[in-house]
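Reading the structure
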Amino acid sequence: MSTRRLLSPRGWAVLAALAAVWLLGVPLLHLALPAGHPLHLSEFYVGLLGKFACYAICALAIDLIWGFTGILSLGHGLFFALGGYGMGMYLMRQIGREGQYGSELPDFMVFLNWQELPWHWALSDSLLAQLFLALAIPAALAAVFGWFAFRSRIQGVYFSIITQALTVAAMLLFFRNETGFGGNNGFTDFKRLAGLNLQLPTVKLALCLASGLALLGCYLLARWLTQGRYGRLLLAVRDAESRLRFCGYDPVAYKLSIWVLSATMCALAGVLYVPQVGIINPSEMSPAASIEMAIWAAVGGRGTLIGPILGAFFVNGGKSVFTAWLPEAWLFVLGGLFIAVTLFLPRGLIGLINRKERP
């Protein structure tokens, strides 16, 4: 009986080298080298790397459903934001009486004349409870939505439109002040996480490293799932769903399971993202945010796992550069990049790299 390898020896070596750079190189460049050193990694870039790792988890999640299963979601920003709001609720409670109004209630609730916490904030002072809810609620929402959509055999562009409509509806709901999620401004002014000051360089570094470890874990899980029989069935759903159904398999079960896993991965990215950027608001649910996730996967090379990760770092790195130099031109650059990849690099950046490595 043959055994499948998760990675080749070369793959493990590359992965170990990248993990060493992230877990050892980043701390050394940030803490060991003085601020004036040319190789010193500032707090800004540490936070930027942590954000990029969170984005890469989202791109990987999109690749599982789009690249391997043929399901294009334009609404995964919803699951990312729900995970962020779950963590943000805990962080708001950790402010305590250090807010502007000196109340145990979050500042926005005092401003709106709330007298007590709403029912859905009941467990918000517990980190473990909020971590569980931040992952469980997006997963449950994805399960309910996916069950109805997949059972109804909604596919293609219709499914993409429905996912975007769901995200827009949630965004409009979170904009309302009476929902208890901060309205237009959302949550901000975070101070502590598990009793630790979020402004400390070591805490920011720890969050960056945790984001990298989460990305590594998600990649290995996705690799393990797609290398075996389950992965072959996902490809069959993508390429010939009707034939798969004729062979006696139920595509709904496979589509629903990978859909829920993908949503949960996005929620995890949101949980890690919020303490690092210091804010979460309904703009994270905007259609543009979800479309960008699909662009990361397409630019990197969908159906490859490593490609979308590369695409997330590449696109967001370019965004950081262009928004600093030519902020008004970034959207045109992003659109042009997507068109160029579609026309000239259908397999994305990873396809270009593989082509160069061939003799």
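Residues numbered from 1 in each chain as written. Predicted model: local features only at pLDDT ≥ 70, side-chain atom pairs only at ≥ 80, totals over all residues. Heavy atoms only, no water.

1. Details of the overall build of the chain
Regarding its fold elements, the chain presents 13 helices and 4 strands. On C-alpha atoms alone, the chain measures out to a radius of gyration of 21 Å, which is about the 21 Å that the 2.2 N^0.38 rule sets for 359 residues. The dimensions of the chain, computed from C-alpha atoms along their principal axes, are 65 × 55 × 45 Å. For the chain, the exposed area adds up to about 17,900 Å²; of that, 67% sits on carbon and sulfur atoms. In the chain, the 25 positive side-chain charges and the 16 negative ones have mean positions that sit 16 Å from each other. (Helix = DSSP H or I, 4+ residues; strand = E, 2+ residues; numbered from the N terminus. Rg over C-alpha atoms; globule rule 2.2 N^0.38 Å. Areas by Shrake-Rupley, 256 points an atom, 1.4 Å probe, with all protein chains shown as cover. Lys, Arg positive; Asp, Glu negative; His and termini not counted. Charge placed at Lys NZ, Arg CZ, Asp CG, Glu CD.)

2. Describing unusual backbone geometry
A positive phi angle is found at Asn-113, which is not glycine, with a value near 65 degrees. Look at Asn-113 and you get exposed, because its relative accessible area is 60%. One non-glycine residue, Leu-305, lies in the positive phi region at around 70 degrees. With respect to the helices and strands, Leu-305 occurs in the loop between α10 (287-300) and α11 (306-325). (Buried < 20%, exposed > 50% of the residue type's maximum accessible area, 1.4 Å probe, protein only.)

3. Comments concerning helix α2 (residues 43-67)
Across its 25 residues, α2 extends 34 Å between first and last C-alpha, which sits within 8% of the 36 Å expected from 1.5 Å per residue. Counting buried positions over the 25 residues of α2 gives 19, a clear majority of the element. (Expected span 1.5 Å × (residues − 1).)

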